[in-house]
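If you want the building blocks of each chain, they are given just below.
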2 protein chains.
Amino acid sequence: MDLRGGDLSRLRQLNSLTAIRALRETGPLTLSALAERAGLSRPSMKEVVDELAALGWVEEVPPSPGTMGRPARRYRFRADSGHLVGVDIGGHNVRAALSDLDGHVLAETRQPVEPDAPLDERLAAIERAVSGCLAASRKTPADLWALAAGSTGVITPDGRIAFSSAVPAWTGLDLAGRLREMFPCEILVENDSRLAALAEFRRGAARDARDVVFLHVGRRMGAGLIIDGKVHRGFGAAAGEVAMLPESRWFDAPEHLNTCAVVPPGTPPEDAAGHTLTAARSGDPVALEAVGRYVDDLAVGTAAMVLLLDPQLVVLGGGFSRSADVLLPPLRDRLERRCIRLPEVRASTLGDECVVVGAIDHAVEHVDRRFFTPEAGPLPISR
Amino acid sequence: MDLRGGDLSRLRQLNSLTAIRALRETGPLTLSALAERAGLSRPSMKEVVDELAALGWVEEVPPSPGTMGRPARRYRFRADSGHLVGVDIGGHNVRAALSDLDGHVLAETRQPVEPDAPLDERLAAIERAVSGCLAASRKTPADLWALAAGSTGVITPDGRIAFSSAVPAWTGLDLAGRLREMFPCEILVENDSRLAALAEFRRGAARDARDVVFLHVGRRMGAGLIIDGKVHRGFGAAAGEVAMLPESRWFDAPEHLNTCAVVPPGTPPEDAAGHTLTAARSGDPVALEAVGRYVDDLAVGTAAMVLLLDPQLVVLGGGFSRSADVLLPPLRDRLERRCIRLPEVRASTLGDECVVVGAIDHAVEHVDRRFFTPEAGPLPISR
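What you see is a predicted model; the values in this text were computed from it and never measured.

**Comments concerning the packing of aromatic side chains**
Now for step 1: Following the criterion strictly, the structure yields 16 aromatic pairs over all chains and no others.
Now for step 2: Note on Trp57 of chain A and Phe77 of chain A: the rings are 6.5 Å apart at their centroids and 5° apart in plane angle, and the pair reads as stacked. Within this pair, whereas Trp57 of chain A is found in the loop between helix H3 (42-55) and strand E2 (58-61), its partner Phe77 of chain A is found in strand E3 (residues 74-77), the two being separated by 20 residues in sequence. Here the two residues Trp57 of chain A and Phe77 of chain A agree in accessibility, since each one is buried.
Now for step 3: Between Tyr294 of chain B and Phe320 of chain B, the ring centres sit 5.8 Å apart and the planes meet at 75°, which makes this aromatic pair edge-to-face. Taken as a pair, Tyr294 of chain B in helix H9 (residues 285-309) and Phe320 of chain B in the loop between strand E14 (313-317) and helix H10 (324-338) lie far apart in primary sequence, 26 residues in all.
Now for step 4: Given the relative accessible area of 0%, Tyr294 of chain B is considered buried.
Now for step 5: An aromatic cluster is defined as three or more aromatic residues linked by ring pairs; in this entry it consists of Trp57, Phe77, Trp145, Phe371 and Phe372 of chain A.
Now for step 6: Taking NZ or CZ as reference, Arg122 of chain B lies 5.7 Å from the ring centre of Trp170 of chain B, over its face.

As structure tokens, this is what we get:
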């Protein structure tokens, strides 16, 4: 069998990707350990590592001070050769986080914003939140490779807000375009519930599952789907909108908690449900009844998703996941009665961070597709 | 860069699979044409083809009689080196079809069976239907590599009927086990709506789409999902059971058609809906009202699937797809009002054949995974 030049450069690319994957998964390795993991001879791996070092993707780790003798050289992936930003554009807060290429969070900030703030004020809060992260890590916008933002609403594949019931002023906005004017890097915009589902899948409660229904519940109701190990966006990027079906009983479900008699008069709307959930935890019968009615409704839309998709796992996330101890037992009970097979039901482990962390993970996956897959072609110089 | 023995045999396997894929997609090819398509030199391809011929997967096509001179040899994939059977176990009929490894149907049979027939009678009908196909093609059970059967109900991953509302006697049956006693080949059992969706995806109305909601509607209501180019089974093989959610309004939807005043007294239950649909086609106002109520209900469960998955395409299949001209315009109208993005809605092109053809396609995919993927390892001798 003859090998053409194309076959050889293809093998070289695959070996480079194998080496990078091994270093990213395990941390620094010696040449011998890396060759062993990649199934290559040590001289072949030396060629691969030298090339990756010349391109800036891999570097030698300096020996620890005080090391005796001449230790074997160890190499690491340069996750800090680029930086990523994740943004969670919520009704009351804008959160931002800065990470390296592996998604390790280096800084986080939060900027409060009024739910009815004008468009420009909300965009200014995004800029302040991102600048705060950069300043805290002594980075500049030029260090950014990608920024991923999560927003409520239906978002078109090119990053416009097609429809937002939560922030009406947002509808029609070319969010990706506005962010592109603000930051000189690649811009990704995605539905916030889908980003939260991605975060639970990559580093949260759903790490061991490939088919997941993520319930993004709090003052608003959303859902994110992981199907066969991938976030399901849908053909028009509008998947997960179960709350838009009146029969799902999702849209108004939180009203059972907001209007409960245990909520003290004058409580701001965003804090009302918390009072009801806290009173239910203490056994207050009025609060428990309101929680029961809320879970009745939550279970209808959830059962629709479970009967349709038969997931391995349902994750309760979003603001109300802090009250998972109150919500999960009655939710499991309702689902058991409605579904053919009750999947495992767990609470989110990321809580309020789920969207901003999911935005980081979305940016990490984007950079991986861009550079670290066989389809991406030969690796470029990293900087 | 050095190449180890493992790398070389791996490359040889990949080249064999490339050659087989090219021959299956295009039909007979000369060595030069095959080498061109696979990106290999002619001598390398000669080695590959000689090996495949020795293993029995590829053979030379005899030159047509009367060909002048010495034409270039052409090779073909031996799709007839194995045979597959698909079975559709319906309430009123058992259908069977026999195909080659490429899924080309060689024979088909149908055996009527009473909806309340005892278990053994239904199994005997399966045996007669399959034997009929084998006899018509002068094959024996020993020629079969795999048999795939479709049945209504929830089917466990190991081929038991966990639950069947349509054929109660079926519930609890180890269908795969019983079929294995009857036929000396690999046995696959799958939900019939999922097989029908697969057939529409591989050779029917959904060939150009990767995300499809298939409505399997007739006397019973079922759904099959294609997500990212694959049939979605679910973690416990129970996906698509939207009819089990009362709020979907699917379970009793056909009653609007069955109980319409235009159905003549004494009509057998299985023919009732047909009368209503025919009268609606002629403009009968009573029948049109019944069809309207039916589509109202059909649209609720369908909208739940569309809002959740945002598919590219909805296919109306099953027995009622013969009346797609009557059903599709009002269904599109209801979905447009309920959904964020109206997907394209089309009628099935396979009609009543969809399940048996889908069973064949399921067996084809099984054999492909077994032999013709990089993960399957080196090709064995084909017989």
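**Concerning the sheet that holds E2 of chain A**
Now for step 1: In space, the 3 strands of this open sheet follow the order E1-E3-E2 (chain A), with antiparallel pairing throughout. On the outer flanks of this sheet lie strand E1 (29-30) and E2 of chain A, each paired with one strand and no other.

**Side note on helix H4 (residues 119-136) of chain B**
Residues and elements named next belong to chain B.
Now for step 1: Helix length check: H4 (18 residues) gives 26 Å between terminal C-alpha atoms against 26 Å at 1.5 Å per residue, within 8%.
Now for step 2: Every buried residue of H4 is listed here: Arg122, Leu123, Ala125, Ile126, Ala129, Val130, Cys133 and Leu134.
Now for step 3: Buried residues belonging to H4 abut strand E4 (83-89), strand E5 (93-100), strand E6 (105-112), strand E7 (144-151) and helix H5 (175-182).
Now for step 4: Arg138 lies just past H4 and shows a positive phi near 55°.

**Overview of the side chain of His366 of chain B**
Residues and elements named next belong to chain B.
Now for step 1: With respect to the helices, strands and loops of the structure, His366 is situated in helix H11 (residues 354-371).
Now for step 2: Reaching out from His366, the side chain makes a polar contact with the side chain of Glu186 at a distance of 3.0 Å.
Now for step 3: Those residues within four positions of His366 in sequence are excluded, and the remaining contacts are Glu186 and Leu188.

**A short note on unusual backbone geometry**
Now for step 1: If you check the backbone angles, Arg249 of chain A has positive phi at about 60° while not being a glycine.
Now for step 2: Along the chain, Arg249 of chain A falls in the loop between strand E13 (230-231) and helix H7 (255-258).

**A short note on the domain arrangement of chain A**
All names here are of chain A.
Now for step 1: Along its sequence, chain A is organised into domain 1 (5-77), domain 2 (82-196 + 355-371) and domain 3 (207-349).
Now for step 2: In this assembly, 19 residues from domain 2 lie in contact with 18 residues from domain 3.
Now for step 3: For the pair domain 2 and domain 3, the summed buried surface comes to about 1,300 Å²; carbon and sulfur atoms form 54% of the total.
Now for step 4: Ranking the residues of domain 2 by area buried against domain 3 places His92, Ser193 and Arg194 at the top, with a combined share of 42%.
Now for step 5: Counting the contacts that link domain 2 with domain 3 gives 1 salt bridge.
Now for step 6: The salt bridge involving Arg233 is made with Glu190; its shortest N-O contact spans 2.8 Å.
Now for step 7: Between the two partners, domain 2 and domain 3, sit 5 residue pairs in polar contact (both at pLDDT 80 or more).
Now for step 8: When contributions to the side of domain 2 that touches domain 3 are tallied by element, the ones reaching two or more residues are strand E8 (154-155), strand E10 (186-191) and helix H6 (192-203).
Now for step 9: Partitioned by chemical class, the residues of the side of domain 2 that touches domain 3 number 8 nonpolar, 8 polar and 3 charged.

**Some remarks on the relation of the copies chain B and chain A**
Now for step 1: Taken as rigid bodies, chain B and chain A are interconverted by a rotation of 180° and an axial shift of 0.0 Å, the fit giving an RMSD of 0.1 Å. Accordingly, the operation relating the two chain copies is best matched by a two-fold axis. Considering only C-alpha atoms, the part of chain B nearest the rotation axis is Glu247 of chain B, at 3.1 Å.
Now for step 2: An overlap of 100% is found between the interface residues of chain B and their copies at the interface of chain A, pointing to a shared contact surface.

**Points about the interface of chain B and chain A**
Now for step 1: Taken together, the contact between chain B and chain A spans 47 residues of the former and 47 residues of the latter.
Now for step 2: When the two sides are added together, the surface that chain B and chain A hide from each other amounts to roughly 4,100 Å², 64% of it contributed by carbon and sulfur.
Now for step 3: Between the two partners, chain B and chain A, sit 6 salt bridges.
Now for step 4: Among the ionic pairs, Glu247 of chain B bridges to Arg249 of chain A, the shortest N-O distance being 3.8 Å.
Now for step 5: The tally of links between chain B and chain A comes to 20 residue pairs in polar contact (both at pLDDT 80 or more).
Now for step 6: Looking at the side of chain B that touches chain A, the elements that each hand over two or more residues are helix H1 (5-26), helix H3 (42-55), strand E12 (221-227) and H9 of chain B.
Now for step 7: Top contributing element to the side of chain B that touches chain A by residue count: H9 of chain B, with 7 residues.

Definitions and cut-offs
Residues numbered from 1 in each chain as written. Chains lettered and ligands numbered in written order. Predicted model: local features only at pLDDT ≥ 70, side-chain atom pairs only at ≥ 80, totals over all residues. Heavy atoms only, no water. Phe/Tyr/Trp six-rings, centres within 6.5 Å; stacked < 30°, edge-to-face > 60°. Helix = DSSP H or I, 4+ residues; strand = E, 2+ residues; numbered from the N terminus. Buried < 20%, exposed > 50% of the residue type's maximum accessible area, 1.4 Å probe, protein only. Lys NZ or Arg CZ within 6 Å of the ring centre and 35° of its normal. Pairing = 2+ DSSP bridges. Expected span 1.5 Å × (residues − 1). Contact = heavy atoms within 4.5 Å. Polar contact = N/O pair within 3.5 Å; in protein donor to acceptor, adjacent residues only side chain to side chain. Domains from an automatic or database assignment. Buried area = accessible area lost by both parts, 1.4 Å probe. Salt bridge = Lys/Arg side-chain N within 4 Å of Asp/Glu carboxyl O. Nonpolar A, V, L, I, M, F, W, Y, C, P; charged D, E, K, R; others polar. Least-squares fit on C-alpha atoms with pLDDT ≥ 70 in both.

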